[in-house]
Each structure stands twice: as C-alpha cells, then as structure tokens.
Amino acid sequence: MHELNRVYVWEFPIRLTHWISFLCIIALSITGFYIASPFAHAYSTNQYIMGWMRFIHFVSAYVFLMSLIIRVYWAFMGNKYASWKVWFPFTGERLRELIGDFKFYTLISRKHAHAVGHTVTAGLTYFFVFLLFAFEIVSGFAIYSLTQKGFIWPVLGGWLLSVWSIPTIRLLHHLSMYLIFVFIGMHLYIAWWLDSTEKNGVMGSIFSGYKFVAGKE
Amino acid sequence: MEKTNELSSQFLEVLKYHGISRRDFIKFCGGIAALLGLSELYIPQIAHALEKAKKPSLVWLDFQNCAGDIEALLRASKPTIAEIVLDVLSVDYHATIMAPAGKQAEKSLQDVVKNQKGKYIAIVDGAIPLKDGGVYACIAGRTAIDIAREVCGNAMATICVGTCASFGGLPAAKPNPTGAVGVREAIPGLTLINLPGCPMNAENITATIVHLLTFGTLPATDKLNRPLFAHGKRIHDNCERRAHYDAGQFVREWGDEGHRQGWCLYEMGCKGPEAFYNCPTVKYNERTSWPVQAGHGCLACAVPNFWDTMTPFYRRLPNVPGFGVESTADKIGVGLAAATAAGLAAHGIIRALRPKGEDKEES
Ligand code: HEM
Ligand code: SF4
C-alpha cells in the first residue's frame, strides 16, 4: 500500500467555472430544446412561455460566455494542472502516452498512465470541448446579432453570418448541442469508472479541489 | 404644406384626366414619404419633384424571369400609383407590355441608349446566365449579358427588381445549369439598387423611383444593395402573429385549431425570424394581405440563394446533407446520443466481464 498524499489540484476558479458551465449547459439545453421545437403549448395569449425560454437562454448564454472567459484566463494564470499547455500534448513523449491511453480506454490494456491533473487524452479532449463551447457561443451570438444593433454582437458572432446562411448556423448550433451531450455522457462514465477503480478521488476533486496521490508530488 | 398649393393648374388637369384629385395626389406623396421613412416636411418636395420631373426614360429588360414582377407591378394596388409614376416616366422599352414589336422595338431601345446616355433608368427583371458565353438567354440575337452591359452601363441608375435580377434567384438555384447570376455579380461597378423579393413589392419600386426623382440619388442600402427602408427590419419583429410566438401558441398542422386561430407559423417552417423585409407593414396588393397574414409561413425570398438555404420551406431547420431527405437534425442528434449511451453501456459490461485483475497505474 502506498502512502497517499492530499494534493490541491483544482483551484477555486476551475471548480467555479466547472459548476457554472454545468448549470448553464442544463439551462441552455432545456431552453434551446424548447426554442427548437416548442414542446409545451400555451393555452392563452397571456402566457409568455417562448418569451421566458428565450430570456433564460440568453441570460445563461452570457453567464456561459463569462465562465469560459474566466476558464481561459485561468489557463494562463492558474497552476500547472489548469495551464493551457495540457490542451496541446504534442511532444513525443506525450504522444506515446496518448497511445497508452487509447489502449487503456479501449480495454486492450490495464495500464493507465498516471497523472495528477489531466491525462494526455483528457487534456486533448478538453481542447476540443472548449472549441465546441466556443462554437456554440459564436453561433448563438450570430443568431442573436440579428436583432441586436450595436458593435459587440458582430464581434461575438455576427461575423459568422457572412460565412453561412442563417438556417445553416441554426442547424449547426442545434447539432452541436448533441455533440455536447455525447461529451457529457462519456465524461460522466469515465469519471465514475476511474473514481471507482483508482480511488484517487477524481469525483471528489471537482468539489473540494483535492486529489489523493501516491508518493509525493 | 404650403408649397403643395403651388401645383400648377396644368398638372392638376393631368391628374384630373387620370381621375386623381389633388388630395389623392398629396396622400400618395405622403404615403411614399412614410414608406421611405421621411418626415412629412418632405411631402412638398416630393410633390414638386413629381410635377417637375422631365419625363426621364425608363427601359425594362426581361431576362431569366417568370414575369412575376411585372405582374406584381401591373396589379399594383392603387392602379393610380402606377399610373402616376408611369406617367411621370416615359417607358420606352418593355418587352411584356410595349406596343412596338420586332425591329421597331429594338430600335426604341437603341434610341434611348444613344440619345439619353446617363439620363435614363434601367430596370432589370430576371437573372443573367453566364455559362457557355451566355447563350441561354438571347433577345433579338444578343445575349442577356451583352444587352445588360450596354443598357445598364449607360444608365443613370439600374434597378434590379425581384430576387432573380438581384441575386440570381430561382434560375441560379442548385445545380444552376445556366450559370445564372444577378446583375451586380454579372456587371460589377454599376450604380445599382436591388429590390429583391419573389415577387418584389410594387410599392418599394415606386418609392425607389420617387426617391431618385426627388433627391437625384438612390436610397441608402445595406450590404446586399437592398434599400434600408424596405430591408432594415426583421419580419419576425413586426409580424402580427408575434404575440402568439412569445406566448407559445403554434400551428402544428395545416388547418388545425391553431391555424384557424391565426397562431404563429414557426413550427410550420416560417422563416420570418431569418428574413428582413417590410412585408408585414407594406403588404401586397393595396395593402390587402401578405403570406403570413394569409396563413402561410415566410420563405425569406429576398436573400441570395434562398431556394437552396431556406428550404425545406415547411420545416424549421435545413436537412443535413448526406443523411437522406427524411432525416432531421433531431433524428441525427438522438441517434448520436443513443449510440453514445449504447457504446458506454457495452464498454461497462465488457469491463465487468473481462478476467479479474487490478487496473494498474503507471508513473
Ligand atoms: C451549451 C450551450 C448551448 C446550447 C446547448 C444551446 C442550444 C440551443 C438550441 C438547441 C437552439 C435551437 C436552435 C434551432 O433549432 O434553431 C438554440 C437557439 C438559440 N441559441 Fe443557443 N445554445 C447554447 C448556447 C448559446 C449561446 C452561448 C448563445 C449566445 C447568445 C445562444 C443563443 C441562441 C439563440 C439566439 C438562439 C435562437 C433563438 C431564437 O431564434 O429566438 N445559445 N440554442
Ligand atoms: S408567423 Fe413567422 S414571422 Fe410571424 S411571429 Fe411566427 S415565426 Fe415570426
């Protein structure tokens, strides 16, 4: 049995943005679903269902954007586990680790590369997940900019209107939601699996910030 | 309003001949000022310009079109409006409605281009095919592009009516067999305004011509060369069914209870949220109605490639290419999510069933 050390891995801004994003994605998905195909119909014109759904969607959208900005800021200001460098594991050694991870996740091998923060695969995955979030934000603000006159919305997303037609942007905004669902499914599954087999406190770490690591780190 | 009292008795006679009272005429000028977003202080100026206009020539070129725009103009609401404008202008060439034919007709076109260089208005209706040297639209032995270069190139201003002349429209829809394009793309650098729409709104063409006669310039336009007075506002934001949208009352099937109640057509594929046009306020045919009022969703007909990008017209979102006609974004999304769930479940089962052994961590 190794001696376990408690290591502070996820600093406060990381945990905060994680849970804000979590709440935002739930709110954005439910309201986005309603905007896409209104599942509840009003029985009276006094109601304001679509109005509220859109309002909540847009408020959560702003919060989601802020959360992403804080996260990216922390990639430059935070500790080494939060650094942007883990998103680009392209050195020779780390690429070899990627192959090891691949074998581990496809159940070919039982060896799992040790990492206190993110494994190589996780780092790379989060790079694409952040891109996906950014795309959702840009495409969302592109649609939003149709009715918002001003300088900021063209910058946040309006420029996309000269790349694709509006229905295409809506389609991609819509389809990307399902890609986020795919990520969430895998994210929960892997977290639960590793938490139950490796006992280093992956699940707990996103609440407390601490992981349990063998040896000193 | 004083200046308008100065309408000459001669002009009033002309109006009277057409059965238009002075009051009707001023109302018409007021309507145009409102449409252009001008203050009522401009009404005298407009009235004056129309009275004094020295009958500029107008030629109307028909290329790849369905004659829908001229239909719309001839049905122009108040026939008197069209009459006023047509009377102020001298329509010297118009393939669909002119009296002369054959060589005579072509001669009148040539006369205008030669004798009135830089002074006449060219209206283009229909797309211009460029493929194979432009042979897919020829009039009197000349290709459309050849005619357009000469006629539009020498005009004071070119007005493209309808989506085909503006952006290629239906002839340019995929696979665009004739290589059709709009005038702006076919002949860059013209003094040009686009009045797209399928068909274009006759009131907007009247207003544009009145603006040109009153101020000597074309009205302010957006990036697509469409006048802001007509394309500055989103249909969805001025739609009479908007309250039903915000409330959450939607038509789900043609002829259902909601449809009879006049609820929002969003779920039936209405593209009002994507379209910028003044249909909800100006409407068609003497402000009688417009598609959404008549119970049919907007098609967003006034943008480039609308036939390709705004379809299917009766669904909210486009089809996903490569997945067959019937697949919608949601079917693909649900399939994707289900495949992920199934994959993860299988992964979990295999993991549980494989020979026992500790997962090892490497350092
Ligand atoms: C996790 C992130 C998000 C998800 C899952 C999501 C989901 C959705 C979905 C499914 C739709 C319906 C699309 C359609 O079928 O036409 C939608 C619409 C929309 N979303 Fe998002 N969205 C997200 C983030 C954002 C953001 C950051 C913005 C930025 C403002 C945004 C703005 C919009 C707008 C403007 C609409 C159209 C609403 C309308 O037409 O009134 N979304 N969203
Ligand atoms: S009918 Fe069309 S334009 Fe009118 S509110 Fe509904 S979606 Fe918008």
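Residues numbered from 1 in each chain as written. Chains lettered and ligands numbered in written order. Predicted model: local features only at pLDDT ≥ 70, side-chain atom pairs only at ≥ 80, totals over all residues. Heavy atoms only, no water.

A short note on the packing of helix H2 (residues 22-35) of chain B against helix H10 (residues 202-215) of chain B
Residue and element names in this part refer to chain B. In contact at an axis separation of 10 Å, H2 and H10 are set at 95° when each is read in the N-to-C sense. Considered as vectors, H2 and H10 are oriented roughly perpendicular to each other. Every residue of H10 that contacts H2 at Phe-28, Ile-32 and Leu-35 is listed here: Glu-203, Asn-204, Thr-206, Ala-207 and Val-210. Grouping the amino acids of the contact of H2 with H10 by side-chain chemistry returns five nonpolar, two polar and one charged. (Axes fitted to C-alpha atoms, helices over the stretch in contact; angles between N-to-C directions. Helix = DSSP H or I, 4+ residues; strand = E, 2+ residues; numbered from the N terminus. Parallel < 35°, antiparallel > 145°, perpendicular 65-115°, else oblique. Contact = heavy atoms within 4.5 Å. Nonpolar A, V, L, I, M, F, W, Y, C, P; charged D, E, K, R; others polar.)

Some words on the coordination of the iron atom of ligand 1
Residue and element names in this part refer to chain A. For the iron atom of ligand 1, every protein donor is listed as His-57 (NE2) and His-173 (NE2), and the spread of their distances is 2.0 to 2.1 Å. Coordination at the iron atom of ligand 1 comes from six donor atoms whose angles at the metal span 84 to 179°, giving a geometry best classed as octahedral. Note that His-57 is positioned in helix H2 (residues 49-77) and His-173 in helix H6 (residues 166-198), a separation of 116 residues in sequence. On the basis of relative accessible area, His-57 is assigned to the buried category, the value being 12%. (Donors = N, O, S within 2.8 Å, 3.2 Å for Na, K, Ca; no water. Tetrahedral: all angles 85-135°; square planar, octahedral: opposite > 155°, others 65-115°. Buried < 20%, exposed > 50% of the residue type's maximum accessible area, 1.4 Å probe, protein only.)

Some remarks on the domain arrangement of chain B
All names here are of chain B. According to the domain assignment, chain B consists of domain 1 (1-52), domain 2 (53-231) and domain 3 (235-309). With centres defined by C-alpha atoms, the gap from domain 1 to domain 2 works out at 26 Å. With 16 residues of domain 1 in contact, the opposing surface of domain 2 contributes 19 residues. Taking both partners together, domain 1 and domain 2 bury about 1600 Å²; carbon and sulfur atoms supply 75% of that area. Sorting the residues of domain 1 by area buried against domain 2 places Phe-28, Leu-35 and Leu-36 first, and these three jointly supply 35% of that buried surface. Our enumeration of links across domain 1 and domain 2 arrives at zero salt bridges. Put simply, domain 1 and domain 2 have zero residue pairs in polar contact (both at pLDDT 80 or more) between them. Listed by contribution, the elements that provide at least two residues to the side of domain 1 that touches domain 2 are H2 and helix H3 (43-52). The leading source of residues in the side of domain 1 that touches domain 2 is H3, at six residues. Grouping the amino acids of the side of domain 1 that touches domain 2 by side-chain chemistry returns 12 nonpolar, two polar and two charged. (Domains from an automatic or database assignment. Buried area = accessible area lost by both parts, 1.4 Å probe. Salt bridge = Lys/Arg side-chain N within 4 Å of Asp/Glu carboxyl O. Polar contact = N/O pair within 3.5 Å; in protein donor to acceptor, adjacent residues only side chain to side chain.)

Concerning the interface of chain B and chain A
On the side of chain A, 47 residues touch chain B, which itself brings 46 residues to the contact. Here Glu-274 of chain B ties to Arg-170 of chain A by a salt bridge, and the two come within 3.2 Å at their closest N and O atoms. There are 20 residue pairs in polar contact (both at pLDDT 80 or more) connecting chain B and chain A. Partitioned by chemical class, the residues of the side of chain B that touches chain A number 18 nonpolar, 11 polar and 17 charged.

Comments concerning the packing of aromatic side chains
Within this structure, the stated rule accounts for 37 aromatic pairs over all chains. Note on Phe-88 of chain A and Phe-127 of chain A: the rings are 4.8 Å apart at their centroids and 55° apart in plane angle, and the pair reads as tilted. Taken together, the positions of Phe-88 of chain A in the loop between H2 and helix H3 (92-105) and Phe-127 of chain A in helix H4 (residues 120-144) put the pair 39 residues apart, joining distant regions of the chain. On the basis of an interplanar angle of 80° and a centroid distance of 5.8 Å, the ring pair of Phe-306 of chain B and Trp-307 of chain B is categorised as edge-to-face. One aromatic cluster is present, built from ring pairs that chain together Phe-58, Tyr-62, Phe-141, Tyr-144 and Trp-153 of chain A. Here the guanidinium or amino end of Arg-6 of chain A rests over the ring plane of Tyr-210 of chain A, the centre of that ring lying 3.8 Å away. (Phe/Tyr/Trp six-rings, centres within 6.5 Å; stacked < 30°, edge-to-face > 60°. Lys NZ or Arg CZ within 6 Å of the ring centre and 35° of its normal.)

Quick word on helix H7 (residues 144-153) of chain B
Taken together, the buried positions of H7 of chain B are occupied by Ala-144, Ile-145, Ile-147, Ala-148, Val-151 and Cys-152 of chain B. Down the axis, H7 of chain B shows its buried residues gathered within 155° of arc, on one side only. (Arc of directions from axis to C-beta.)

Section: the site of ligand 1
Surrounding ligand 1, one finds 24 residues, the nearest of these being Arg-54, His-57, His-173 and His-174 of chain A together with Arg-316 of chain B. At ligand 1, the nearby residues belong to more than one chain, namely chains A and B. With respect to ligand 1, the side chain of His-173 of chain A contributes an N or O atom lying 2.8 Å from a nitrogen atom. Elements that contribute at least two residues to the shell around ligand 1 include exactly helix H1 (12-36), H2, H4 and H6 of chain A. (Near = heavy atom within 4 Å.)

Digging into the packing of H3 of chain A against H4 of chain A
The angle between the axes and the distance between the axes are what describe a pair of packed helices. Residues and elements named next belong to chain A. Taken N-terminus to C-terminus, the directions of H3 and H4 make an angle of 95°; their axes are 8 Å apart at the nearest point. Relative to H4, the element H3 is oriented roughly perpendicular. For the pair formed by H3 and H4, the contact residues are Arg-94, Glu-97, Leu-98, Asp-101 and Tyr-105 on the first element and Val-120, Thr-121 and Leu-124 on the second. Residue composition of the contact of H3 with H4, by class: four nonpolar, one polar and three charged.

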